[in-house]
Amino acid sequence: MDETINVKSQLKISLPIAFESLINILMTLVDTLVISLVGTKELAALGAMAVILNLMQMSIQTINVSNNTLVAKALGENNLNKSKLITGNSIILTLCISIITIILIAFVQPVFPSLFNVDTVAISYLTIRLFGFIQSSIVAVLSGHQRTVGNQKNIMYLRIFAVLLNLIFDIIAVRNGYGIKGVALVTVFIDTLLALYLIIYSRNNVKIKFVSEYFKDVIKLFKWNFVERIASRVDNFIFNLIVARMGNLEYSVHVILIQIDYLSFVNTKFILILYHD
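Keep in mind that this is a model prediction, so the values were computed, not measured. (Residues numbered from 1 in each chain as written. Predicted model: local features only at pLDDT ≥ 70, side-chain atom pairs only at ≥ 80, totals over all residues. Heavy atoms only, no water.)

K.L.:
Mind showing me how you'd approach the packing of helix α7 (residues 152–175) against helix α8 (residues 179–201) here?
P.N.:
A pair of packed helices is characterised by two quantities: the angle between their axes and the separation of those axes. At their nearest, the axes of α7 and α8 sit 9 Å apart, and the two run at 155 degrees to each other. The orientation of α7 relative to α8 falls into the category roughly antiparallel. At the point where α7 passes α8, the crossing takes the right-handed sense. In this structure, α7 contributes N154, I155, L158, R159, A162, L165, N166, F169, D170, A173 and V174 to the contact, and α8 contributes G179, G182, V183, V186, T187, F189, I190, L193, L194, Y197, L198 and Y201. Counted by class, the contact of α7 with α8 contains 16 nonpolar, five polar and two charged residues. (Axes fitted to C-alpha atoms, helices over the stretch in contact; angles between N-to-C directions. Helix = DSSP H or I, 4+ residues; strand = E, 2+ residues; numbered from the N terminus. Parallel < 35°, antiparallel > 145°, perpendicular 65-115°, else oblique. Left-handed = near helix turned anticlockwise from the far one by under 90°. Contact = heavy atoms within 4.5 Å. Nonpolar A, V, L, I, M, F, W, Y, C, P; charged D, E, K, R; others polar.)

K.L.:
Explain the environment of H254 here, please?
P.N.:
Mapped onto the elements, H254 comes out in helix α10 (residues 248–276). In this structure H254 comes out as buried when scored by relative accessible area, which is 11%. Between the C-alpha atom of H254 and that of A244, which follows or precedes it by 10 residues, the distance is 8.7 Å. Excluding its chain neighbours within four sequence positions, the residues that come into contact with H254 are F239, N240 and V243. (Buried < 20%, exposed > 50% of the residue type's maximum accessible area, 1.4 Å probe, protein only.)

All quantities given are derived from atomic positions and should not be read as evidence of function.
Right, here's the structure in full:
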């Protein structure tokens, strides 16, 4: 009986998280497939800027993981107020790092088209995406917090809604001739909606108030994890540079295949979770 209850508890936690990982990949895949209908020039630009955006998001993902660890520890200590304040301080750090990242990328972005050998439309796409970076960062941290406190299913439903909305608006944008810029605007719009929703949804279990002790705890976990994450992405960055310089067609094929590979990888993890449970 205890074993049955344990399996059910594991499934309740693991299945929504695994399914959400699959949905997150679909979100990116939707953009890739829709832009592939526009042309290889645009798809190559999208793929190159996705590499830059992934590097930008490394810091936010690191904050998210650090925050989830500290929140889980606080919940284990039955200290609900501490868990609220930890996430609040993680949000403060997220805002600071997001602003610094946006300024840095805005300054160096003119070199990206020549670096990746892609069309200058890449700058337009990245510029628009920068306007949504703070929102997407907030979404990452707050959704991570909600999963940690036991609201995995709600976050999964939110992601499903976002993917469907993204697909519909992407198709509308491309059919009306907005192309890659339209797709970028759709992403920013959806990230803004999700951020607003999660801010309201989290108002009862997240407290935005600077507490030096908790802020330092987040920083302590963040700094080493961030270095490790960035180091693990260096080879991927260099590989993308090499493939991108082969030409738009070759790089476009690479972009699509990478997305399919990610999807296959997440599907495998999903099946393993089911098999293990």
